[in-house]
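# Coordinate inspection notes
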Amino acid sequence: MDILILGGAGQVGTELQSFSWPEGVRVHAPDRQTLDITDEGAIAAVLDARAYAAVINTAAYTAVDKAESEVAAAWRLNALAPALLAAETKRRAIPLVHVSTDYVFDGSGEGFYAPDAPVNPRSVYGASKAAGEMAVRSGNPRHAIVRTAWVVSPHRGNFVKTMLRLAGERDKLTVVDDQHGCPTSAADLAGALAAIALRLAGDEAAPVGTFHCVNDGATTWCDFARAIVAGSARRGGRVVPVEGIPTSAYPTPARRPANSRLSTQSLTDAFGIAPRPWEAALDDILDRLVGPARSN
């Protein structure tokens, strides 16, 4: 069985390539130089090269603030590319698993967003990702759109690595404390995407639609930073105070959702996937970045 992974150089794509796939599953992750996913002909050529059982698209324009000025680039990768992928995979009867984001919501809701909650993006990035979702829904009926949030890992740039670096450089950190969300391990998300892709590949009656995948529990960016610093300290890292500040004190070009909490209940109901707590996932990431916790 052959699985095509797009966006293989990113956090989730890297974890998908190192995932322990079942025997007989072969994963292929062409880089951007090999495959331009905004080129319909290039997509068709890659899909015709093998009888792919499923396609997992983790590729995206994720520079949230730059998207406000690079509108065309964001829409090309986040909306046009999914439309082309959906059309080409449908033409070959290949299920498509597509990763999306909490930014499709405006963040004004209370509690945890369900997948069927109305979308109302407030940024170019969020609008382009919402358009990509619509393209996948309308383009290929055998799809799973998987929204996620606050993705972290030992790879590339992300919040955990930034906080570890700053804690080593500064005597105090200031982090926004009025944005709420669910940290997500790229490795855990990759495991869920793999399970969904294998299910869709092996069962034409498998569930389709939109799902959320984040680690269990919720926090703020400030408390997440405190947990990172505390976890690093248990591994011999510096202990520095983390001060909470309002979003208004840290203006950015793109508006962030104040509430990014996502409900994973439909993911559990459809695929039996119950994500573990984000604290446990963070410990695993810190083990890989800093080392094991020291015994007292």
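The protein is annotated in an unreviewed UniProt entry as dTDP-4-dehydrorhamnose reductase of Methylorubrum podarium. Turning to the protein, the UniProt annotation filed under Function (unreviewed entry) states: "Catalyzes the reduction of dTDP-6-deoxy-L-lyxo-4-hexulose to yield dTDP-L-rhamnose."

## Focus: the side chain of T101
On the secondary structure map, T101 appears in strand β4 (residues 96-101). Looking at T101, its side chain comes within polar contact range of the side chain of D102, at 3.1 Å. Setting aside chain neighbours within four positions, we find T101 in contact with Y125, K129, R147 and T148.

## Side note on the packing of aromatic side chains
All told, the structure shown has 10 aromatic pairs when counted by the stated rule. The interplanar angle of 50° and the centroid separation of 4.6 Å between the aromatic rings of F159 and W221 together place this pair among those described as tilted. Of this pair, F159 sits in helix α5 (residues 159-169) while W221 sits in helix α7 (residues 221-233), placing them 62 residues apart in sequence. Note on accessibility: F159 and W221 belong to one class, buried. Put simply, the rings of W150, F159, W221, F224 and W278 pair up and form one aromatic cluster. Here the guanidinium or amino end of R261 rests over the ring plane of F112, the centre of that ring lying 5.7 Å away.

## Observations concerning the nonpolar core
The nonpolar side chains of soluble globular proteins are, as a tendency, buried together. Ranked by internal contacts, the top residues of the largest apolar core, which has 33 residues, are F159, V160, M163, L173, V175, F224 and I228. Of all the secondary structure elements, the ones that give two or more residues to this core are α5, β7 (173-176), α7, β12 (242-245) and α9 (278-289). If we ignore the near neighbours within four places in the chain, the residues touching I228 are F159, V160, M163, L164, L282 and L286. Core analysis: the next-biggest nonpolar cluster, separate from the first, contains 29 residues, I3, A54, I56 and V146 among them.

## Concerning the UniProt feature "domain: RmlD-like substrate binding" (unreviewed entry) in the protein
The positions UniProt marks with the feature "domain: RmlD-like substrate binding" (unreviewed entry) are residues 1-289. Annotation note: span residues 1-289, helix share 40%, strand share 16%, distance between end C-alpha atoms 33 Å.

## Some points on the pairing of strand β5 (residues 143-148)
For a regular strand, the rule is simple: side chains alternate between the two faces of the sheet. Within β5, six of the six residues are buried, which leaves it mostly tucked inside the rest of the structure. Burial of β5 is two-sided: the residues H143, I145 and R147 facing one way and the residues A144, V146 and T148 facing the other way are all buried. Pairing geometry for β4 and β5, over six bridges, is parallel. Across the sheet, the residue bridging to V99 is V146, located in β5. As a crossover connection, the stretch from β4 through helix α4 (residues 124-139) into β5 is right-handed. As defined by bridge partners, β5 adjoins strand β10 (residues 209-212) across four bridges and the pair is classed as parallel. Among the inter-strand pairings, A144 is bridged to a residue of β10, identified as G209.

Basis of the calculations
- Residues numbered from 1 in each chain as written.
- Predicted model: local features only at pLDDT ≥ 70, side-chain atom pairs only at ≥ 80, totals over all residues.
- Heavy atoms only, no water.
- UniProt positions renumbered as here; feature names shortened; annotations may be inferred.
- Helix = DSSP H or I, 4+ residues; strand = E, 2+ residues; numbered from the N terminus.
- Polar contact = N/O pair within 3.5 Å; in protein donor to acceptor, adjacent residues only side chain to side chain.
- Contact = heavy atoms within 4.5 Å.
- Phe/Tyr/Trp six-rings, centres within 6.5 Å; stacked < 30°, edge-to-face > 60°.
- Buried < 20%, exposed > 50% of the residue type's maximum accessible area, 1.4 Å probe, protein only.
- Lys NZ or Arg CZ within 6 Å of the ring centre and 35° of its normal.
- Core = buried A, V, L, I, M, F, W, Y, C linked by side-chain atoms within 4.5 Å.
- Pairing = 2+ DSSP bridges.
- Right-handed = clockwise from strand over helix to strand, strands pointing away.

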